[in-house]
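Listed below are the residues making up each chain.
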Amino acid sequence: MLLASDIEVAQNIGFYLIAAVMVLGAINVVRSSNVVHAALSLVAVMGGAAAQYLLLSAEFVAVTQVLVYIGAVMVLFLFGVMLTRAKLGKDIDLNNKGGAAIGAPVALLLFGVMAYVLIKGFEDDRIVTSGDEAIGSTATLSDKIFSLYALPFWALSFVLLAAVIGAIVLARKD
Amino acid sequence: MFAESTEAAGWFLENAWLIPLIPAVAFFLILGFGKRMPRGGSEIGIASMLASLVIAAGTAYQWVQRVDAPVAEGEHALARGSFGFARTFSEEAAEAGHEVAPVISTLDWFDIGRLHVSIGSHIDGLAVTLLLLVAFISTLVQIYSTEYVRGDRRYTHFFASITLFSAGMLTMVLAPNMLQFILGWEIMGLCSFLLIGHWWEETANSKAALKAFFTVRVGDMGLLVGTAALFALFGTMEIGEINEQAANFAGDNKGMLLFAAIALFIACIGKSGQFPLHTWLPDAMAGPTPVSSLLHSSTMVVAGVFLVARLYPVFHVGLDINVAGQSFNLIAVIGGITVLIAAGLAFVQDDIKKVLAYSTVSQLGYMMLGLGVGAWTGAVFHIFTHAFFKCALFLCAGSIAHTGSHHSFDMKKDMGGLRKKMPVTFVVWIVSTMALMGVPFFSGFFSKDEIIDSAKHNHYTVFYFVAIIGAAMTAAYMTRATYLTFFGKARGGAAHFVHGHDDAHDTHDAHADAHGHDAHGHDDHHAPAHHSAPLPFAKTDSSWQITVPLIILGVLAIFSGYLNAPALGIHWFEHMTESSIGAGSAMSVPPPPEFSWAAAAPGLLLVLAGFVVSLLISKAVFGEKKTALQGLTQRNSLLGAGHKFLVNKYYLDALYENVIVKAVAYPIARAAYWTNQHVLDGIVNAVGIGGKRTGELVYKYVDQGLVDGAVNGSGATARGAGGALQPVQSGKVNLYGALLFGAAAVGALVLVLVNS
Amino acid sequence: MLVNNFLILGAVLFSIGVYGVIARKNAVLVLMSIELILNSVNINLLAFDRINGTQDGAVFALYIIAIAAAEVGVGLAMVLLIFRNRKTIALDDLSEMKG
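Residues numbered from 1 in each chain as written. Chains lettered and ligands numbered in written order. Predicted model: local features only at pLDDT ≥ 70, side-chain atom pairs only at ≥ 80, totals over all residues. Heavy atoms only, no water.

Chemist: For the overall build of chain A, give the residues involved together with the corresponding values.
Modeler: Along the backbone of chain A there are six helices and zero strands. Helices and strands in chain A line up, N terminus first, as α-α-α-α-α-α. When the accessible surface of chain A is summed, it comes to about 10,100 Å², and 73% of that surface belongs to carbon and sulfur atoms. (Helix = DSSP H or I, 4+ residues; strand = E, 2+ residues; numbered from the N terminus. Areas by Shrake-Rupley, 256 points an atom, 1.4 Å probe, with all protein chains shown as cover.)

Pasting the structure below:
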């Protein structure tokens, strides 16, 4: 007999494992001295994010995350790395002089403020994990997109079109 | 009969928002397709203005029916006058008139918190008057312009701007709330800049455009502040609600209302060219003449007067107008000063357009004076009549320059003796001048006389004298201008025109350059000079596109006054508009005084005296016979000094540029320069090479700072700001990012600390 | 599960991304750090979505993914252009805007 509390324990273990991978990957993205390693760590972070979306029972977003981010965006990044002829291997010239000295305090301050607010604001609110079929179902999601959020969707398609044309114009040789 | 049910107010009344929308759309059409049209886009502009005019006329017609509808069933008699409904002054009738509710139709624009903003139309008597006026005059001016700016290199842009200009004014006139009002107001500000600087290749023109823009902008701050104050006070942007609440104002927050009224009035001072911000108006003559005429008759400058008329309860209650024992208030004082000062300046101008410009300033002063003494109807009616005759006068000036004086506006050098050759222009000019002077039975008489009468009747005795003296001065300077232009010996460009038309064109270019007239640009369209056909009965006058609008305006300069002629017992206009001030208000605007010829007599006598004296002096000074008066200002030092004082516009420009600009802008510029030199070079290189120079500058400015405390304070602030902003200018993207996120973090921290 | 699990994870990723934006010099790596920030926002949105029980957060997350794809496309095209013109993508060399 599988109890709800057991599921929650399993979920928590899963969450912390994935979260650890994500945080380590993220740190590697910003600290690695190898551009390709940084890019691959980013893949780990994004994959972890997709897994977290599954824990949040948002399957469609998770799948999209894998397809778009890991499938398309990462390939773009790797192309970017190659086309800008980054050194494959160690490159000590990836960071700003004194960047860490400025970045670390700013990041820590931001994190401190956010963590304080979150802990104070949400204390021990829990996520509903009832077996409601409608939650996270792709059908209700599509209903939302094509009714209430149709106008932003429409605008978004123009943004994408503009981005495609813009990218071509910017990157072509002549 | 229309308007049986209160819901259906009529198609035109409910769809009046089309009136500004059509020219606004036309503006984009002209910009987009104008250059490809056979007539360069002017046909789109004229068609849109005609469409607006038709809808405005329909609106006016339905408004008249709406006002009269309840009267038909009421018992109190409204005697039918020869031009509509004349009203007997019984109290019942007054009440009946106040009950006509405005027709408001709106669309939601946006919501911010408790502020709900709509866009649409607010139709009442005042709005209808201005709508009809603006649409009508814009149409005529555009027709006139097709000939006047023909061949100009920015012909299409001219029509685009002038169409948008009308759209802006119409938007403002219709505004149901303050935000739409500001929208229209600002569109006009922008277009006036574009149009005044239409011939921007000449530095003087672009400077005049900038001056107009910035001077008006000083006042515009007042509009924003005043609107904010009204919102804080009443919690609404709707003009109708503001008026109602202000009229019934009983709170102890009177200071706030006073503040709002003063702030809004500062906006009116800027826009309507009232003293002391009137200096931009004469410089605005740099624009093409049709622009001047539109600007000075029905749009732009009228906007300020319109704002006071629109929000009259705010001013009336806020500034204690018509309160027993009060014989002064801000609006009347500013209006009175403007009347006299501008009329004085009009005497010494050689440029015909500048005479008219100062005359406009002076007449706007009358309107403000009227509003200040409680003569709301008189002031609004003066807007109405003044628009026709002032537009006619400007278009006459343009016609003279276009045909008679070869693009010069200089009355002393290039005009004179034109009455025989330009009969249409001459007759229209004379008719309009008589209307402007306030000669009985011309339109200006009825409106101006009501203002003057009310000033006396409402116990503003000082302003009564100001008004009649102003009227005499008006008569005098217009006589001078008329004499110089149409009588006496033909001079300069006019001589070429009068004595032989053929050789004139050859000498024209050199001629125009030789004059070097300063602010006004001469039109540079003389190269392909094929003019259209003139009217058959005035072959030597300007072509029909110019003379037909002139004739129409001339006719209206006479007859528009009969819509509200107290002298003949006609109060139709008043009846149509009186509900605009606020329905059922507790505000006590005194009824206009009964007209009597005895009361009008002193003013009329002074006008006559002004006319006669000015005619005699003009004949003596500018006539062909040698007299002792000629060159008097050169010989008599006292008169010369007075003349110089006036020619220099009371030294107000000098005051602004030398004293105020130097005192305010110069220290700021100096502080900024000091920040630049001292902080950026100084701190960065303090130990290094710049040390010595920095030391000198520090010494110098510490010294200066001791003398001038204000500069010192602003300098200290600037040093702090400069120091903090220094990293921003590093050009390093990462640092920008750090600053952005750091600021966000600190901001969030502050919010957390404040809220916990 | 605690909501804060996800929200704090988002905050951590966001801060790391901010650090990357500030500390990295290579333009491609800065873009990657921006992706970290965008992902952290998505996690937050989905967590809030679960609190509310509606699907609105998921819709926003999808739209953000689409915007991010567009942003990367244009961003990398600009990086390529800069690289072609200057043979470097070090951001501290791009300081024409220095005041």
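Chemist: Please set out the side chain of Ser359(B) residue by residue, giving values where relevant.
Modeler: Inspection of the secondary structure assignment puts Ser359(B) in helix α16 (residues 352-372). Those residues in contact with Ser359(B) that lie beyond four places of it in its chain are Lys390(B), Leu436(B) and Tyr477(B). (Contact = heavy atoms within 4.5 Å.)

Chemist: Run through the nonpolar core, naming residues and quoting values.
Modeler: In terms of nonpolar packing, the biggest core is built from 190 residues, with Leu130(B) and Leu311(B) touching the most fellow members. Among all residues touching Leu130(B), those that are not within four sequence positions of it are Met169(B), Val173(B), Ser298(B), Val302(B), Phe306(B) and Ile383(B). With 67 residues, the next largest nonpolar core counts Ala38(A), Val73(A), Leu13(C) and Ala27(C) among its residues. (Core = buried A, V, L, I, M, F, W, Y, C linked by side-chain atoms within 4.5 Å. Buried < 20%, exposed > 50% of the residue type's maximum accessible area, 1.4 Å probe, protein only.)

Chemist: Can you explain the confidence of the model for chain A? Please cite residues and give values.
Modeler: Considering every residue of chain A, the mean pLDDT works out to 85; 89% of them sit at 70 or more. When pLDDT is averaged over each element of chain A, helix α2 (residues 35-55) of chain A comes out on top at 91 and helix α5 (residues 138-146) of chain A at the bottom at 87. (pLDDT = per-residue confidence, 0-100.)

Chemist: Would you mind going over the interface of chain A and chain C in detail, with residue names and values included?
Modeler: With 88 residues of chain A at the contact, the number on the chain C side is 67 residues. Both sides together, the interface formed by chain A and chain C hides about 7,100 Å², and carbon and sulfur atoms give 73% of it. On the chain A side of the interface with chain C, the three residues burying the most area are Phe77(A), Ile127(A) and Leu170(A), jointly 9% of the side's total. Run the count over chain A and chain C and you get one salt bridge. (Buried area = accessible area lost by both parts, 1.4 Å probe. Salt bridge = Lys/Arg side-chain N within 4 Å of Asp/Glu carboxyl O.)

Chemist: Can you break down the confidence of the model for chain B residue by residue, with the values?
Modeler: Residues and elements named next belong to chain B. For chain B, mean pLDDT is 74; residues scoring 70 or higher make up 72% of the total. Per-residue pLDDT stays below 50 along residues 71-98; that stretch engages in 45 contacts with residues further than four places along the chain or on separate chains. Contacts of residues 702-708 to residues separated by more than four positions or lying in other chains number three contacts, the stretch itself having pLDDT below 50.

Chemist: Explain the packing of aromatic side chains residue by residue, including any values.
Modeler: The full count for this structure, using the stated rule, is 26 aromatic pairs over all chains. Ring geometry for Phe136(B) versus Phe388(B): centroids 5.9 Å apart, planes at 75°, classification edge-to-face. Here Phe388(B) lies in helix α17 (residues 376-404) and Phe136(B) lies in helix α5 (residues 125-148), a separation of 252 residues in the sequence. Ring centres of Phe741(B) and Phe14(C) lie 6.2 Å apart, and the angle between their planes is 85°; this geometry places the pair in the edge-to-face category. Pair noted here: Phe741(B) is in helix α32 (residues 733-755) and Phe14(C) is in helix α1 (residues 3-23), and the two residues belong to different chains. Phe741(B) gets classed as buried once you look at its relative accessible area, which sits at 16%. Following the ring pairs from residue to residue traces out a cluster consisting of Phe136(B), Phe381(B), Phe384(B) and Phe388(B). (Phe/Tyr/Trp six-rings, centres within 6.5 Å; stacked < 30°, edge-to-face > 60°.)

Chemist: I'd like a description of the side chain of Asn26(C), backed by residues and values.
Modeler: Its location among the elements puts Asn26(C) in the loop between α1 and α2 (27-52). When its relative accessible area of 9% is taken as the criterion, Asn26(C) is described as buried. A distance of 2.9 Å separates a polar side-chain atom of Asn26(C) from the backbone nitrogen of Val28(C). The residues contacting Asn26(C), other than those within four sequence positions of it, are Val35(A), Leu94(A) and Ile89(C). (Polar contact = N/O pair within 3.5 Å; in protein donor to acceptor, adjacent residues only side chain to side chain.)

Chemist: Give a description of the pattern of salt bridges that names residues and reports values.
Modeler: Residue and element names in this part refer to chain B. Summed over all chains, the structure comprises four salt bridges over all chains. When the shortest N-O distance is used, the salt bridge between Asp 124 and Arg 310 registers 2.4 Å. Of the two residues, Asp 124 sits in the loop between β4 (115-123) and α5 while Arg 310 sits in helix α13 (residues 301-310), which places them 186 residues apart along the sequence. Given the relative accessible area of 2%, Asp 124 is considered buried. Across the pair Arg 217 and Asp 220 runs a salt bridge, and its minimum N-O distance is 3.2 Å. Taken together, the positions of Arg 217 and Asp 220, both in helix α8 (residues 203-234) and three residues apart, correspond to about one turn of that helix. Owing to a relative accessible area of 26%, Arg 217 belongs among the partly exposed residues under this scheme. One network of salt bridges, with partners in common, ties together Glu 186, Arg 217 and Asp 220.

Chemist: Can you break down the packing of α16(B) against α17(B) residue by residue, with the values?
Modeler: To characterise two packed helices, one gives the angle between the axes of the helices and the distance between these axes. All names here are of chain B. For the pair α16 and α17, the least separation of the axes is 9 Å and the interaxial angle reads 175°. As summarised for this structure, α16 and α17 are arranged roughly antiparallel, according to the angle between their axes. Contacts between α16 and α17 involve Ile 352, Lys 353, Leu 356, Ala 357, Ser 359, Thr 360, Gln 363, Tyr 366, Met 367, Gly 370 and Leu 371 from the former and Trp 376, Ala 379, His 382, Ile 383, His 386, Lys 390, Leu 393, Phe 394, Ala 397 and Ile 400 from the latter. Taken together, the residues that form the contact of α16 with α17 break down as 13 nonpolar, six polar and two charged. (Axes fitted to C-alpha atoms, helices over the stretch in contact; angles between N-to-C directions. Parallel < 35°, antiparallel > 145°, perpendicular 65-115°, else oblique. Nonpolar A, V, L, I, M, F, W, Y, C, P; charged D, E, K, R; others polar.)

Chemist: Please provide a residue-by-residue account of the packing of helix α10 (residues 254-271) of chain B against helix α15 (residues 330-346) of chain B, values included.
Modeler: Residues and elements named next belong to chain B. At a minimum axis distance of 11 Å, the contact between α10 and α15 shows a crossing angle of 15°. In terms of orientation, α10 lies roughly parallel with respect to α15. Two packed elements cross with a definite hand, and for α10 against α15 that hand is right-handed. Contact residues: Ile 262, Phe 265 and Ile 269 in α10; Leu 330, Ile 331 and Ile 334 in α15. (Left-handed = near helix turned anticlockwise from the far one by under 90°.)

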